[in-house]
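# Understanding the architecture of this molecule
Below, each chain spelled out in residue letters.
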Amino acid sequence: MKKLTLALAAALSMSSVQAADYVIDSKGAHASINFKIQHLGYSWLTGRFNDFEGTFSYDDEKPSDANIMVNITTDSIDSNHAERDKHLKGDDFLDVDIYPSAKFVSTKIVEKGDGMMDVMGDFTFHGVTKPITINAKKIGEGKDPWGGYRAGFMGTTVIALKDFGIDYDLGPASQTVELELHVEGVKQ
Amino acid sequence: MNTRWPRIILLIHWVTALAVAGMFASGLWMVDLTYYSDWYKTAPHWHKSAGLILLALTLARIVFRLVSTRPAAYGNRLEKRASKAGHLFLYALLLSMFTSGYLISTADGRAIDVFNWFAVPALGELIENQEDIAGDVHFYLAWILIVTASLHAIAALKHHFFNKDDTLKQMLRLR
């Protein structure tokens, strides 16, 4: 009886072990938030947000218990063209004076096997909060050469600019933006 | 015979007057163009080109102004002082407009094409968020310049119609 109690207690404490918490390595730039949008329907225009931070918790045994939060500084948008970036930061698009940050907070994670996950959550962008789903994939995890432990993922999602109150007309081929996230977290 | 304004200085003055009005209007108009407007690319290109040419003219004008003599100024001592300060302020505003405009377009190291004729090279990013800061400066100084230039025009008309002196006639080489 005593043994059983001990075993139960052990099992309970095992299952209550918290998923590991990670801080996204934006400092070491082992993470990036990229976007791409069609230009006139003839090519892809790519760019990124240089300044963001975030955390996630993840346990390989229970991926569906994971969660992630990312905060993006909108005026760090970089499309490799200062005049365009100025336009993108202005009130035709991001309006960074009024909406200095964008945020994603996961609400539910559905495991799909093979390291694939649907990361559902609320995305706040341009002052509008809407649920989105990020198609995520675990890339890998393990020890790093400097005594730490890391795990990394990538994810993609598509948002319609109009859904987030951005209605500057870039043409019919440019209604949506693809976001691509690469995050590597360092275990805390 | 009285000293007159050198023709070249008058020419640059009136070109500048037209340019300041045109640049102010085109600047406000072009930033609100839609993406599919025929002018979306052309208007900023011409605005930047005209601005850089006006910069060259302004530098030439300052040199001519320093080496030539001017006709007599009218008004009492205080008015002459105010006039001098006002004109220096106009020059400072013009030069600041050229500088801030240049800094917007060259913030990423890109040169500015002047009417596909020649390119003015960039100095690169000198301060962080250069295109945004220079853009704000350019916008507010544009308003200050148009207001100051309007006061300058009103002052010239005051000389002509109220003081009935030759200030405006000198600028038109009617005297």
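Parameters and conventions
- Residues numbered from 1 in each chain as written.
- Chains lettered and ligands numbered in written order.
- Predicted model: local features only at pLDDT ≥ 70, side-chain atom pairs only at ≥ 80, totals over all residues.
- Heavy atoms only, no water.
- Helix = DSSP H or I, 4+ residues; strand = E, 2+ residues; numbered from the N terminus.
- Buried < 20%, exposed > 50% of the residue type's maximum accessible area, 1.4 Å probe, protein only.
- Contact = heavy atoms within 4.5 Å.
- Areas by Shrake-Rupley, 256 points an atom, 1.4 Å probe, with all protein chains shown as cover.
- Lys, Arg positive; Asp, Glu negative; His and termini not counted.
- Charge placed at Lys NZ, Arg CZ, Asp CG, Glu CD.
- Core = buried A, V, L, I, M, F, W, Y, C linked by side-chain atoms within 4.5 Å.
- Expected span 1.5 Å × (residues − 1).
- Polar contact = N/O pair within 3.5 Å; in protein donor to acceptor, adjacent residues only side chain to side chain.
- UniProt positions renumbered as here; feature names shortened; annotations may be inferred.
- Axes fitted to C-alpha atoms, helices over the stretch in contact; angles between N-to-C directions.
- Parallel < 35°, antiparallel > 145°, perpendicular 65-115°, else oblique.
- Left-handed = near helix turned anticlockwise from the far one by under 90°.
- Nonpolar A, V, L, I, M, F, W, Y, C, P; charged D, E, K, R; others polar.
- Pairing = 2+ DSSP bridges.

What follows covers the overall build of chain B. Secondary structure assignment for chain B yields five helices and two strands. Start at the N end of chain B and walk to the C end: the helices and strands fall as α-α-α-β-β-α-α. The C-alpha extent of chain B, read off along each of the three principal axes, is 55 × 30 × 30 Å. Counting the 175 residues in chain B, one finds 33% classified as buried. Considering only residue pairs separated by 6 or more positions, chain B has 70% of its internal contacts joining residues 24 or more positions apart.

Before going further, it helps to spend a moment on the overall build of chain A. Assigned secondary structure in chain A consists of two helices and eleven strands. Moving toward the C terminus, one meets the helices and strands of chain A in the order α-β-β-β-β-β-β-α-β-β-β-β-β. The buried share of chain A, taken over its 188 residues, is 38%. Across chain A, every contact between residues at least 6 apart in sequence was considered, and the portion connecting residues at least 24 apart equals 54%. With the model as given, the accessible surface of chain A reaches about 10600 Å², and the carbon-plus-sulfur share is 54%. Between the centroid of the 19 positive side chains of chain A and the centroid of its 28 negative side chains there is a distance of 8 Å.

With that settled, the discussion passes to the nonpolar core. In this structure, Ile24, Phe56, Ile68, Val119, Phe123, Phe125 and Ile159 of chain A are the most contacted members of the largest nonpolar core, which totals 43 residues. Among residues more than four places away in sequence, those in contact with Ile159 of chain A are Phe123, Phe125, Ile132, Phe164, Gln175, Thr176, Val177 and Leu179 of chain A.

Attention now goes to helix α3 (residues 77–105) of chain B. The end-to-end C-alpha distance of α3 of chain B, which contains 29 residues, comes to 43 Å, matching closely the 42 Å that a straight helix rising 1.5 Å per residue would cover. Among the structural elements, α2 (82–89) of chain A together with α1 (7–30), α2 (39–67), β1 (112–114), β2 (118–120) and α4 (130–161) of chain B are those in contact with the buried residues of α3 of chain B. Measuring from the side-chain oxygen of the N-cap residue of α3 of chain B to the backbone nitrogen of Leu78 of chain B gives 3.1 Å; that N-cap residue is Asn76 of chain B.

To continue, consider the UniProt feature "transmembrane region" (unreviewed entry) in chain B. Taking the UniProt record as the reference, the feature "transmembrane region" (unreviewed entry) is found at residues 7–29, 49–67, 88–105 and 137–157 of chain B. Annotated as residues 7–29 of chain B, this span is 100% helix and 0% strand, and its ends, taken at the C-alpha atoms, are 33 Å apart.

Another aspect to go through is the packing of α1 of chain B against α2 of chain B. All names here are of chain B. Where α1 contacts α2, the two axes come as close as 10 Å, and the packing angle between them is 155°. One element, α1, and the other, α2, form an angle in the roughly antiparallel class. Seen along the crossing, α1 lies across α2 with a hand that is left-handed. Of α2, the residues touching α1 (which contributes Ile8, Ile9, Ile12, His13, Val15, Thr16, Ala19, Met23, Ser26, Gly27, Trp29 and Met30) are Trp39, Ala43, Pro44, His47, Ala50, Gly51, Leu54, Leu57, Arg61, Phe64 and Arg65. Partitioned by chemical class, the residues of the contact of α1 with α2 number 15 nonpolar, six polar and two charged.

Here the focus is the pairing of strand β3 (residues 43–49) of chain A. All names here are of chain A. Both strand β2 (residues 32–39) and β3 contribute to a ladder of seven bridges, which runs antiparallel. Directly across from Ile33, in β3, lies its bridge partner Phe49. In this antiparallel pair of consecutive strands, β2 and β3, the connection spans three residues, and Leu40 shows a positive phi of 60°. Bridge analysis of β3 against strand β6 (residues 77–78) gives two bridges, and the strand direction is antiparallel. Following the sheet pairing, Phe49 is matched in β6 by Ile77.

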